[in-house]
Structures are given as C-alpha cells and as structure tokens.
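Observations on the three-dimensional arrangement
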Amino acid sequence: MKTAISTEDGSFAFQDVAEGNCRIEVVSIFYEAYFRDISVTSDVSLGVVTISEKTQNLKEVTITGRRNPITPTDTGTLIEVAGSRLSNQNDVLSILNYAPSISTASGLKIFGSDDILLILDGKELHLSKDKLEQFLSKIPVKSIQTIEVIDRADVSFDTSKSGVIKINTLQKDGWTGSLSQNVFYKKRIGYSDDADLFYANDDFRIFGTFYHSRGKTFSESTENQLLKSQNIAYNSTTEASLKRKENSFMLEADYYLNENSDLSFLYVYDYDVDANHDRDIHTDVLKNKHFDHLLTYKRLFDQTSKDHSFSLNFNSELDTLGSNVKIALDFMNKKYINPVWEEETHHQMPIIKEKREQNSHSNSFVYVFNTSWNKKFSNKQQISLGTRLSLVDNKDYFEHLDIINNQKIRNTRFSNDFFLKEYIFAVYSSYNFPLGAKSNITLEVRSEYNYNDFTNTMERFNNHSTQWMLNGQYNTKLWGNNFYISAVKRFNRVNYYSFNPTYIKDTPTSAYSGNKDLKPIDVYQLQTGYKIGGVNLALVYRYYEHNVLYRPNNINGVVTTRPENVGYRNEFYAFASTFQKFTDWWELNLKLTGGHLGFKLPEERFSSLYGEVQLTQNFNLPWDIQMRLDYSYTSDRKFLYTKNYYDHSLNMRLFYPLSKSFKLSAFVNDIFNTSRSESEYDFNNIYQHSFNKFDTRSFGVSLTYDFSKGKEVDDDIRSSGAENEKNRLR
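Residues numbered from 1 in each chain as written. Predicted model: local features only at pLDDT ≥ 70, side-chain atom pairs only at ≥ 80, totals over all residues. Heavy atoms only, no water.

1. A few points about the overall build of the protein chain
To keep it simple, the criterion reads: Numbering of helices and strands starts at the N terminus; helices are DSSP runs of H or I of at least 4 residues and strands are runs of E of at least 2. Accessibility here uses a 1.4 Å probe with only protein chains present; expressed as a share of the type maximum, an area under 20% marks a residue as buried, one over 50% as exposed, and anything in between as partly exposed. Shrake-Rupley sampling with a 1.4 Å probe provides the accessible areas, and residues are treated as covered by the protein chains on show and by no other component. The positive count covers Lys and Arg only, the negative count covers Asp and Glu only, and His and the chain ends enter neither. Here the site of a charge means atom NZ of a Lys, CZ of an Arg, CG of an Asp or CD of a Glu.
Tallying secondary structure elements over the protein chain gives 3 helices and 41 strands in all. For the protein chain, the C-alpha atoms occupy an extent of roughly 100 × 55 × 45 Å along the three principal directions. Considering the protein chain as a whole, with its 730 residues, one finds that 48% of them fall into the buried category. In the form shown here, the protein chain has an accessible surface area of approximately 36,700 Å², with 55% of it arising from carbon and sulfur atoms. Once the 84 positive and 91 negative side-chain charges of the protein chain are each reduced to a mean point, those two points are 2 Å apart.

2. Brief notes about the sheet that holds strand S26 (residues 510-512)
The condition that has to hold: Here, any two strands with at least 2 DSSP bridges between them count as paired. To define axes, lines are fitted to C-alpha atoms, for helices over the stretch in contact only, and angles between the resulting N-to-C directions are given on a 0 to 180 degree scale.
Read from one edge of the open sheet, 4 strands run S25-S26-S30-S29, paired in mixed fashion. Edge strands, defined here as strands with exactly one partner in the open sheet, are strand S25 (504-507) and strand S29 (548-555). Strand-to-strand twist across the sheet, computed as the mean angle between neighbouring axes with direction ignored, equals 30°.

3. So, the pairing of strand S16 (residues 290-317)
Here strand S15 (residues 261-287) runs beside S16; their pairing, made up of 25 bridges, is antiparallel. Note that in S16 the partner of Asp-284 across the bridge is Leu-294. Counted between consecutive antiparallel strands, the loop separating S15 from S16 contains 2 residues, among which Asn-288 sits at a positive phi close to 55°. As judged from the 22 bridges shared by S16 and strand S17 (residues 324-347), these two strands associate in the antiparallel manner. When the sheet's bridge partners are listed, Thr-296 is paired in S17 with Thr-345.

4. Considering the pattern of salt bridges
What counts, and what does not: Each salt bridge in this description consists of a side-chain nitrogen of Lys or Arg and a carboxyl oxygen of Asp or Glu lying within 4 Å of one another.
Scanning the entire structure with this criterion turns up 42 salt bridges. The salt bridge partner of Glu-252 is Arg-205, with a shortest N-O separation of 3.6 Å. Residue Glu-252 is located in strand S14 (residues 232-256), and its partner Arg-205 is located in strand S13 (residues 204-227); the two are separated by 47 residues in the primary sequence. Glu-571 serves as the salt-bridge partner of Arg-542, at 3.8 Å between the closest nitrogen and oxygen. Of this pair, Arg-542 sits in strand S28 (residues 535-545) while Glu-571 sits in strand S31 (residues 568-583), placing them 29 residues apart in sequence. Take Arg-542 and Glu-571: they sit in the same class, and that class is buried. Three or more residues joined by partner-sharing salt bridges are found here, namely Lys-138, Arg-244, Glu-246, Asp-270, Asp-272 and Asp-274.

5. Considering the packing of aromatic side chains
How we decide: Classification of ring pairs rests on two measures: the distance between centres of Phe, Tyr or Trp rings, Trp counted by its six-membered ring, which must be within 6.5 Å, and the angle between planes, read as stacked under 30 degrees, edge-to-face over 60 and tilted in between. Sitting over a ring, as applied to charges here, requires NZ of Lys or CZ of Arg to be within 6 Å of the ring centre and within 35 degrees of the ring normal.
All chains considered together, the criterion is met by 34 aromatic pairs. Measuring from centroid to centroid gives 4.6 Å for Phe-582 and Trp-586, while their planes differ by 40°, and the two rings are tilted. Owing to a relative accessible area of 45%, Phe-582 belongs among the partly exposed residues under this scheme. Three or more aromatic residues link up through ring pairs in this structure, and these residues are Phe-249, Tyr-267, Phe-310, Phe-331, Phe-365 and Tyr-367. The side chain of Arg-299 reaches across the aromatic face of Phe-301, ending 5.1 Å from its centre.

6. Structural notes on the sheet that holds strand S8 (residues 123-125)
Spatially, the 6 strands line up as an open sheet ordered S3-S4-S9-S10-S7-S8, and their pairing is mixed. Each edge of the sheet is formed by a strand with only one pairing partner; in this case those strands are strand S3 (70-72) and S8. The mean inter-strand angle of the sheet, taken between neighbouring strand axes irrespective of direction, is 20°. Where strand S7 (residues 116-120) and strand S10 (residues 163-169) come together, 5 bridges link them in parallel fashion.

7. Let's talk about the environment of Gln-525
Filter applied, for reference: Contact between two residues is taken to exist if any of their heavy atoms lie within 4.5 Å; hydrogens are not considered. For the purposes of these results, a polar contact is taken to be a pair of N or O atoms within 3.5 Å, where, inside protein, one atom must be able to donate a hydrogen and its partner to accept one; residues adjacent in sequence count only when each atom of the pair is a side-chain atom.
Along the polypeptide, Gln-525 turns up in strand S27 (residues 521-532). Separated by 94 residues in sequence, Gln-525 and Phe-619 place their C-alpha atoms 39 Å apart. Beyond its immediate stretch of four places on either side in the chain, Gln-525 contacts Ser-486, Ala-487, Val-488, Val-540, Tyr-541 and Arg-542. In terms of polar contacts, Gln-525 uses its side chain to reach the side chain of Gln-527, at 3.0 Å.

8. Considering a nonpolar patch on the surface
As a reminder, the rule being used: Patch definition: residues with relative accessible area over 30% and no salt bridge; like charges joined within 9 Å; nonpolar side chains (Val, Leu, Ile, Met, Phe, Trp, Tyr) joined within 5 Å.
A contiguous nonpolar surface patch, about 920 Å² in accessible area, is contributed by Tyr-255, Leu-257, Leu-263, Leu-312, Ile-327, Leu-329, Phe-369, Leu-389, Phe-425, Val-427 and Tyr-449. At the level of secondary structure, the elements contributing two or more residues to the nonpolar patch comprise S17 and strand S21 (418-434). Within the element layout of this structure, Phe-425 appears in strand S21.

9. Digging into the environment of Glu-448
The topology assignment puts Glu-448 in strand S22 (residues 440-455). Among the residues examined, Glu-448 registers a relative accessible area of 2% and is labelled buried. Along the backbone, Glu-448 and Lys-395 are 53 residues apart, and their C-alpha atoms lie at a distance of 24 Å. Beyond its immediate stretch of four places on either side in the chain, Glu-448 contacts Thr-159, Ile-424, Phe-425, Ala-426, Ser-465, Thr-466, Gln-467, Phe-491 and Arg-493. In this structure the side chain of Glu-448 is engaged in a polar contact, spanning 3.4 Å, whose partner is the side chain of Arg-446.

10. Describing unusual backbone geometry
A cis amide bond links Met-349 with the next residue in sequence, Pro-350, at an omega value of -5°. Note that Pro-350 resides in the loop between S17 and strand S18 (352-376). One non-glycine residue, Asn-288, lies in the positive phi region at around 55°. Summarising the element assignment, Asn-288 is placed in the loop between S15 and S16. For Trp-623, which is not glycine, the phi torsion reads 60° and is therefore positive.

Geometry only, nothing functional implied.
Structural data, given as structure tokens:
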C-alpha cells in the first residue's frame, strides 16, 4: 500500500508503483471517499478527480502520509520508524545505523564517543555503558514511533554525555501489540521471547514490554605477558563457558491531566545472569626464557545483576508556542552479586595448591530531581533554565576466604568493604536566537558542584570539585543544506569504584587498586558538519586533560594496575555517510570514518591512524522478501598505550511477511566467523599480548505476530487547520 498527500492545487503522485491492477482511494474528512480501479503498465494520469463535499463540518483533521524516514535536525538526526520499512528491522541497533553519526562497528558510538545517554519517552535511563546496547536490543521495534539521535548534547543533559538517543514509543488510540518468538544457535540452541502491549484513549496511555532469553556462550583466549625487569613470562590459554539468563519488564503510564499537562510514570526491571561461569586457565611460567613450571587456575562463579528503575515526570505546556515546564523524579536500585570459587595450582616441587572463595556484592541507590523551564517567543528566541540535584549511594561488600584444611578463614587483607556517596548539584541556562532568516545561534552554560564522601572501613576520605560546561552552536543554510559548527567544554566524572584504594587480586598474575585522589577528565570539543549532495560530512576534534590512565606495574610478579590523572589526549575524526537508492530493489547505506588518535605522557608519546567502514545493503526481492547484508571493518588503532588490531564481520538477515499480522525473519551473524578481539601493549617495562575469540557466529529464526485495534495519532499534524485542508482539496 502506498499513500500520498495532495499539494495546494490538489495534485498528487505515487512513485515506484509495481505493474498490475490496483485501486486508487481518495479520502478526506470533508469529502465522500472516491474509489477507482486502474491497470498500471507505465506512467498513468488520472486526469481530474471529482469528489463530493460532505455536509458535516469538523474543526480538526488527521492526515496520514509517508515521509522521508530520516531527516536532519539542528542537533542531529530524526528517524521515523512507524509506517516505514525501518519497522521491519530486527532490532533498534539496525535502525540506529541509518543515523549518520552512529557507529556500531566497535561498540555503540556517536561520532567516535561511547558517552551516550538514553531517553525513553522523555525519561532518562541511568544505564552503564556496558548495558546500553543490551537494553536497546530488548526494545521491540514495532513499539517505536521515532528515534532521535543528538550528536551535540546541550547543557540540560548529564555533562559526561556527548550524545543522546531519544526513543519515543507509539501513539495510537485503542490496542496495539506484538508477540515474538526467536530461536538461535551458537554452538548450543538458545531462545528469546518478547511481547509488548499498548492501550490509549483520550485520557491515558499504558505501555508494557516483557523480554525473556536463555542461551549459552563459549570463548577461547590466549595471553602473553613479559615482566622485563624480572625476565618472567606468563603464556596463558583460557577456555570459558557460561549460561546466559535475561529477563526484563517495562511498564509506562501516561495520564493527560488536561490538553496542556500530563503526568508520566516509567518502571523498568532488568534481570541479567551469567550462571555457571566456568574459566580454566593454563599458564606456562618462564624465567629467563626457560620453562619454570605450569600454573593452572580454575574459577567457577555466577554474576547476577538486578536493576529497578522508577521515573515520574510532569510536563505542562505554557502557551501555543511550545513553552513548557518539566519536573522529573528518578530512582534506581542496582544490585550485583558475584560468588566465586577458585583453585590455583603451581605444578612445581613441592606442588602448591590454594583454594579460595569470594563473596562479593554491591548495592547502589540513585536519586535524581530535575526541573526545567523553557520559554519560546514569537520572534523565534528561546530561553531555558534548569536545575538538577542527585545523590548516588554506592555500597560494595567484599569477603575473601582462604580454604585451608577444609576450613574457611577470612583474609582481612582482601576483605575490605567500600562505601561511596556522590552528591551533585547543577544549574544551567540556554539562550537560542535567530540570526537572519536561515540562521540561529545557541549559547549555553552549566555549573556543577560534585562532592564525594567514601570509606574502605579503615580510612575515610572525601573530595569535591566545581566544574563549568560551556556550549556554543551556530546553524545555518548553505546552498539549501544544513551547516553547523559547535564548540563545547564538558567533563567526565570518574567511576566510583576507581576511588577504592583496596588491593584486589583478580587472577594469580593480575590485580588492581583504586586512587582516592582522582579528578574529573576535562573534555574540549569542536565539531562541524555539512551535507553535499547525498553525502553527510562531519569533522570532530576532541582534547582531553586529566586523563584517567590505568598504569600497569610489576609488584612481586603480579601485574597490578592503578588509575591516575596524567597525560593529554587528542582525537581527530572525519566522517562521511551516504544513503543511495540505485533501483527499486537495491538500497545502500555507507559510512566511512578516518581519524588520528594521540596520547602524550611526560615521558612518552603514542599515536595512530584509524579507519572504519560500515556498509549496509538492502534488497527488496519478489513476494515482499527483504534481504539485508551488513559488513563492518575496523582498522588497527591505539587507545592510550594499547594497540587494538583490526576486526571485521559480515551479517545477513531475511524478512518475509507471511500475512498482514505474521512476519518471519532469519539471520546469520558473522557469516565467516572472523570477528575477534586482539590487543597488545609495551609500556612501563611490561609487555602484554591478548587474543580473544567468542562464538560470534550464530544462526536464528524469528516469528512475530502484530495486532492492532484503533487509529494512529500523528502529533506533528494533529493541529492542522480544517479550513486549510478544505482549500487544499478544492
């Protein structure tokens, strides 16, 4: 089915209509419906279409029309998912790849940065970096109305975030939902189920999702370490397996207090378990290049993460221009449990065998209050004021037990707990004003006070800082296309566990400890972008001060890392992307990234070039079958002092609509089993090379059932004037 909106003179056209018989239907709320059957063999002109006016007069009209699903904004890209072919994608990450600023070749990034904030229906989700992609993969694509990617985050967002992903779910009157069953194979069979359900009327809207998954993961890795000062080498091989268990539930409710105000609630529960995580490590220990003895290390543990998140938002529009007041309250509880059993054996004379248990768990509470006032003026000026107050209460418990003669003895050296409370108070202001008919300027400032109070139960510490975020942006039209340039000074706060000074031994040959004196990282960024023809271009330069460097040290034959503020980092990126439709059946989305990465220490300098390619090809085949091929390549590059080697993979997906309600899809990830992780460094008199191979090649099929009862509401055109619509159809 194809749809089109008539122009001011009443004309309309359909592009790329397949040959055959079809029916034309003209519908308006003010006129009787018009039907006409035609046969399409080439271009067809309908001539003058005469329709009869209805006698009933209405004040408002809703128009439905297909639009370009990807459009630029003053701060990034807006992707229309509902009603487009993007709604047939397998997951949210596949849709995000259509945004010029997004890359998924080496983790989810916006213009080279993984400091990303996720907002769902206007509510912030306080997710760590390692959980962001995982959470996105659980959101049903059919539940999404739009996705906005902001690559120039303003001062109203957390200052540690350089980019924002906003997801807005469907707006429909009545019932809407879907059920999906997925089966996949990665050396073992796994499965996942997900379901979503909407209900909305004029007074409220309720949205719920459920996700359930089970599977198994395998990995193999090798690692070579050389402690040059002692001429000791560790050559290790590791085999690991674990059972993946995931459950998540999300409930959202919106209540419309009146036509200008609404109250919104969101609850998210996420349960993630790596069960029966079994790791076997065999290490050859060499001294002076000669074999000394064999070290075996067996580790069996479970990792359980349970997150509860609550958000309550109040939003009120103050005038017809879109001025508003927003108040948000957020609460989150993160629980992590990690019981570990270890056995370490040194195969030498005499044989030394050690057994240990570790009972560690953490409990974090996040409280956030955020309010903002946004005023828009008829001359297109805009002023925003806001404040944010947050408290994060982190509690880490760590108990280390040595098992001697079947007796469990508490090791007081390694059993120190750690508690940290982080207080943040911020105020911010933004001013946007037009500069002529095609240009505008935005000036923003944010001040943030951060106080940390922490203890390892033996000593008590605290630190505090006041930071400023400055942001300026200029937008204009050059030869009909958007051009912008922005400059920002922001900062990244240090992860709380990096303050913990306790010495923690991770394996027989590695350990780490924190640093109570760490400071935030200062980030200075300059960014510009323009579109030439069908190619999106962007340049980004970032400069970092007070970098947090995890410096490895040789302490009695154990490689121990400790963070410290040191060095300067420079990153320069050039981005180019294009979407091309060659024929009715072949579309191509290509992204190219090039860059230079540099890191300077007082005694040493590191630098490298960087390249990345992402190529997506869509083929629209007979019987409405869609096939997608995704290829990604990442070159060798250095991050700080570590060199990461190139990686590449090829994925394929097929989509076939069995009926209007049932959809079938199949996929193969990493077809040629080429994806892996390889890195090395030679720093601080320590050399290390590691190679990791996970079971990334997988096969799967998915069956989805969609159902709907009601009419869709398009907020963008809900207030179209009735008289204008009548004039357009005359």
